[in-house]
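Residue-level listing of the chains:
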Amino acid sequence: MGSTTVETKTSLGVLLHTYRTLTYKWRHAIGEMIDNSVDSYLEHKDQLKDGVDVWITYDGKAKTLVIKDNAFGMNAERIAEAVQITRRHGSNYYSGGIGHYGLGLKKSATSLGDKWAVITKEKDSGIKYTVQVDVLKLYEEDASSVEILDQPSNTKHGTRIEIDLRKIMRGSLEKNVKAHIAEMYRFYLEEGDVRIWWNDELLEH
């Protein structure tokens, strides 16, 4: 009787490529990203006295989706964690949150598009971080790393996620997604500290 050790290598490119076939509903994919914005606010509530705004800009003709917030933003360590395959719960783990920059961001963004980017700037920081993800290129190269660019910036704090969509919302789907998001975050919306906008329309439950 013996045993064999098998190395289970998974590159970032291979993992993200598997996410392309996920049957994520639009509301769940977008919700994953809103969760992160709300978490950033909840974790730093004492420093974000005006609450948080989340702007969702959907353009079916251009096949683009942008989710932007004015929450606390991310530093170098946190943006790195956001694009890693997995991570342990270290010092940056926020236990009181509803979602985390773990697999959720990568799953949700990749389920909607093959190219996406994250741009972020932490509050009171002068550095903006940008990471561009090309899922098919990473897969072809069996890549296990992505490059995070940093540059001086005097822009406002927060995080912006840009996705080149693989699919679009048809029929009444967009209307239904907006209604579901308003329902999902109804308690936050009713309290008024969290405001979610869809193409300049303030969502209300």
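Scroll up to find the structure this text is about.
A. Spatial organisation of the overall build of the protein chain. Along the backbone of the protein chain there are 7 helices and 8 strands. Across the 205 residues of the protein chain, 41% fall into the buried class.

B. Layout of the nonpolar core. Formed by 48 residues in total, the largest nonpolar core has its most connected members in Ile30, Ile56, Ile181 and Ile196. Ranked by residue count, the leading element in this core is helix H2 (residues 26–43), at 7 residues. In this view, Ile56 contacts Ile30, Ile34, Leu65, Val66, Ile67, Ile181, Ile196, Trp197, Trp198 and Asn199; residues no more than four positions away in its chain are not counted.

C. Quick peek at the packing of aromatic side chains. Scanning the model with the defined rule gives 2 aromatic pairs in all. Relative to Tyr58, the ring of Trp26 lies with its centre 6.1 Å away and its plane at 80°, an arrangement referred to as edge-to-face. Of this pair, Trp26 sits in helix H2 while Tyr58 sits in strand E1 (residues 52–59), and the two are 32 residues apart along the sequence. Every member of this aromatic cluster is reached through a ring pair, and the members are Trp26, Tyr58 and Trp198. Here the basic side chain of Lys68 rests over the ring of Trp55, its NZ or CZ set 5.7 Å away from the ring centre.

D. Structural view of helix H6 (residues 173–184). The first and last C-alpha atoms of H6 sit 16 Å apart over 12 residues, in line with the 16 Å expected at 1.5 Å per residue. Residues of H6 that are buried include every one of Val177, Lys178, Ile181 and Ala182, and no others. Burial along H6 is one-sided: seen end-on, the buried residues are contained in an arc of 135°.

Cut-offs and rules
Residues numbered from 1 in each chain as written. Predicted model: local features only at pLDDT ≥ 70, side-chain atom pairs only at ≥ 80, totals over all residues. Heavy atoms only, no water. Helix = DSSP H or I, 4+ residues; strand = E, 2+ residues; numbered from the N terminus. Buried < 20%, exposed > 50% of the residue type's maximum accessible area, 1.4 Å probe, protein only. Core = buried A, V, L, I, M, F, W, Y, C linked by side-chain atoms within 4.5 Å. Contact = heavy atoms within 4.5 Å. Phe/Tyr/Trp six-rings, centres within 6.5 Å; stacked < 30°, edge-to-face > 60°. Lys NZ or Arg CZ within 6 Å of the ring centre and 35° of its normal. Expected span 1.5 Å × (residues − 1). Arc of directions from axis to C-beta.

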